[in-house]
Amino acid sequence: MATTPLAGSADATSRLSRWAGDLRAPTLWAAVGAWLVLGALAWLVAPDWSGAEDVSAPLTRKLLFYHPASAWASFLAYFVVFVMSVAYLRERDLRRDAPARSAAEVGFLFNTIALVTGTVWGAVEWRSTGQAALATIYSDPKVLVVVVMWFVFAAYLLLRRMVDEPERRARLAAVFGILGFTCVPLSFLTSRVLASSLHPDVVGPGANADASLDASVGMIIGWSMIAYTLLFFALFLQRLRLARLEERLDEMEVA
Amino acid sequence: MALSDTTAFLLGFTTIFGALAFYLWRLDRTAARLAARMDNLDRDRPRE
């Protein structure tokens, strides 16, 4: 359903653009600060697992403060893609496309980090299961859902490069964005519902991470979520600003 | 794939910081490309 842009919407867009630009530097500095604090907490405050008998990979376990938060940041980014994609399909307003594209790109970055860190962590932590490490990791339902999500958003980004016509590109991308986001609630549900899942949940209702994770660990994981959220917004705002500038240049070159 | 704890740790953290550094570099290159396009537009605009 096509709608006529409301009066003054162009002003609203430029205000949004300015707001994104103005917020960019403080958000980036806040993210850098939060990451430095996260590093200090992970290496100075978190328990030293090297002496623990039940921990097979004490060094790699430090990824606990980075891997779940990477997944969280990708889920947050894909939520933005979902909201903007639904808004685009309802309003057919191309201004909804740039935030979706920017969030998808940043989300794909965090999704890739979560997959690679999860794979190397799983390779050392789950090697005692008797199966080949990779087979163990990629037969886990939660990991499978995240892999599918990664492929959907890889297709989303490829599709954006292959289709030239802006309306068609935005419509197809919106459908892929909504489809890809359905993996987010699925990945939350799989490890909570399916008993076969090896993947522990460290946050939220139904968390089943092992008992060696004490209160300080929970606090650092909480802080890592804040640090990654800030980094997501810093990268997203920067990418959005560039996407808007690119659109404006395209218009000027056509004119 | 038999990874030692140290190798997995190094691979994991190299991935995190390497991927973030790569993305920041890519954003910087995009900004430079857009700045060059803007300069070209400026140069091609007829003078009044």
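Note that the structure is predicted; figures quoted are calculated from it, not measured.

**Details of unusual backbone geometry**
Residue and element names in this part refer to chain A.
In step 1: Positive phi, close to 50 degrees, is recorded for Arg92, a residue that is not glycine.
In step 2: Mapped onto the fold, Arg92 is located in the loop between helix H2 (67–91) and helix H3 (97–125).
In step 3: You can call Arg92 partly exposed: its relative accessible area is 37%.

**Comments concerning the packing of H3 of chain A against helix H1 (residues 5–44) of chain B**
In step 1: Here H3 of chain A crosses H1 of chain B at 170 degrees, and the two axes come no closer than 8 Å. Classed by the angle they form, the pair H3 of chain A and H1 of chain B counts as roughly antiparallel. Contact residues: H3 of chain A offers Glu105, Val106, Leu109, Phe110, Ile113, Val116, Thr117, Val120 and Val124 of chain A, while H1 of chain B offers Asp5, Ala8, Leu11, Gly12, Thr15, Ile16, Ala19, Leu20, Tyr23 and Arg26 of chain B.
In step 2: Considering only residue class, the contact of H3 of chain A with H1 of chain B consists of 13 nonpolar, three polar and three charged.

**Side note on the nonpolar core**
In step 1: Phe65, Tyr66, Phe110 and Leu235 of chain A together with Ile16 and Leu20 of chain B are the most contacted members of the largest nonpolar core, which has 80 residues in total.
In step 2: At 16 residues, helix H8 (residues 215–254) of chain A tops the list of elements feeding residues into this core.
In step 3: What Leu235 of chain A contacts, discounting residues up to four positions off in sequence, is Val106, Leu109 and Phe110 of chain A together with Leu20, Tyr23, Leu24 and Leu27 of chain B.

**Re the packing of aromatic side chains**
Residues and elements named next belong to chain A.
In step 1: If you walk through the whole model with that rule in mind, you get 20 aromatic pairs over all chains.
In step 2: Relative to Phe181, the ring of Phe79 lies with its centre 5.8 Å away and its plane at 50 degrees, an arrangement referred to as tilted. Of this pair, Phe79 sits in helix H2 while Phe181 sits in helix H6 (residues 166–181); the two residues are 102 residues apart in sequence, bridging distant segments of the chain.
In step 3: Directly above the aromatic system of Trp49 lies the positively charged group of Arg61, at a separation of 5.7 Å from the ring centroid.

**Some details on the environment of Met38 of chain B**
In step 1: The residue Met38 of chain B is located in helix H1 in this model.
In step 2: Those residues in contact with Met38 of chain B, other than ones at most four positions away along the chain, are Leu245 and Leu249 of chain A.

**Quick look at the interface of chain A and chain B**
In step 1: Every contact between the two is made by 35 residues of chain A and, on the other side, 26 residues of chain B.
In step 2: For the pair chain A and chain B, the summed buried area comes to about 2,700 Å², and 76% of that belongs to carbon and sulfur atoms.
In step 3: The three residues of chain A that bury the most area against chain B are Leu59, Leu242 and Leu249 of chain A, which together make up 18% of that side's buried surface.
In step 4: If you look at where chain A meets chain B, you find four salt bridges.

**Description of the pattern of salt bridges**
All names here are of chain A.
In step 1: Within this structure, the stated rule accounts for 10 salt bridges over all chains.
In step 2: Between Asp97 and Arg160 there is a salt bridge; the shortest N-O distance is 2.6 Å. Taken together, the residues span a long stretch of sequence, with Asp97 in helix H3 and Arg160 in helix H5 (residues 141–162) at a distance of 63 residues. Residue Asp97 shares its accessibility class with Arg160, and that shared class is buried.

**A few points about the confidence of the model for chain A**
Residue and element names in this part refer to chain A.
In step 1: Looking at chain A, the pLDDT average stands at 84 and 82% of residues meet or exceed 70.
In step 2: Highest mean pLDDT in chain A belongs to H2 (96); lowest belongs to helix H4 (residues 133–138) (74).
In step 3: Counting interchain partners and residues more than four positions distant, the pLDDT-below-50 stretch residues 1–10 has nine contacts.

**A word on helix H7 (residues 183–193) of chain A**
All names here are of chain A.
In step 1: Residues of H7 that are buried include every one of Cys183, Val184, Ser187, Thr190 and Ser191, and no others. End-on view of H7: buried residues confined to an arc of 125 degrees, all on one side of the axis.
In step 2: In this structure, the buried side of H7 is in contact with H2, H5 and H6.

**Some points on H5 of chain A**
In step 1: Compared with an ideal rise of 1.5 Å per residue, which puts 22 residues at 32 Å, H5 of chain A spans 31 Å between its outermost C-alpha atoms and is within 8% of the ideal.
In step 2: Put simply, Asp140 of chain A is the residue that caps the front of H5 of chain A, since its side-chain oxygen is 3.2 Å from the backbone nitrogen of Lys142 of chain A.

**Some details on the confidence of the model for chain B**
Caution applies to low-pLDDT regions: their predicted coordinates should not be interpreted in detail.
In step 1: Summary statistics for chain B give a mean pLDDT of 88 and a share of 92% for residues scoring 70 or more.
In step 2: In the predicted assembly, ipTM is 0.89 and pTM is 0.86.

**Section: the side chain of Thr190 of chain A**
Residues and elements named next belong to chain A.
In step 1: Here Thr190 lies in helix H7.
In step 2: Thr190 sits in the buried class, given a relative accessible area of 11%.
In step 3: A polar contact of 3.2 Å, which involves the side chain of Thr190, links it to the backbone oxygen of Ser187.

Each value, and the rule that gives it
- Residues numbered from 1 in each chain as written.
- Chains lettered and ligands numbered in written order.
- Predicted model: local features only at pLDDT ≥ 70, side-chain atom pairs only at ≥ 80, totals over all residues.
- Heavy atoms only, no water.
- Helix = DSSP H or I, 4+ residues; strand = E, 2+ residues; numbered from the N terminus.
- Buried < 20%, exposed > 50% of the residue type's maximum accessible area, 1.4 Å probe, protein only.
- Axes fitted to C-alpha atoms, helices over the stretch in contact; angles between N-to-C directions.
- Parallel < 35°, antiparallel > 145°, perpendicular 65-115°, else oblique.
- Contact = heavy atoms within 4.5 Å.
- Nonpolar A, V, L, I, M, F, W, Y, C, P; charged D, E, K, R; others polar.
- Core = buried A, V, L, I, M, F, W, Y, C linked by side-chain atoms within 4.5 Å.
- Phe/Tyr/Trp six-rings, centres within 6.5 Å; stacked < 30°, edge-to-face > 60°.
- Lys NZ or Arg CZ within 6 Å of the ring centre and 35° of its normal.
- Buried area = accessible area lost by both parts, 1.4 Å probe.
- Salt bridge = Lys/Arg side-chain N within 4 Å of Asp/Glu carboxyl O.
- pLDDT = per-residue confidence, 0-100.
- Arc of directions from axis to C-beta.
- Expected span 1.5 Å × (residues − 1).
- Polar contact = N/O pair within 3.5 Å; in protein donor to acceptor, adjacent residues only side chain to side chain.

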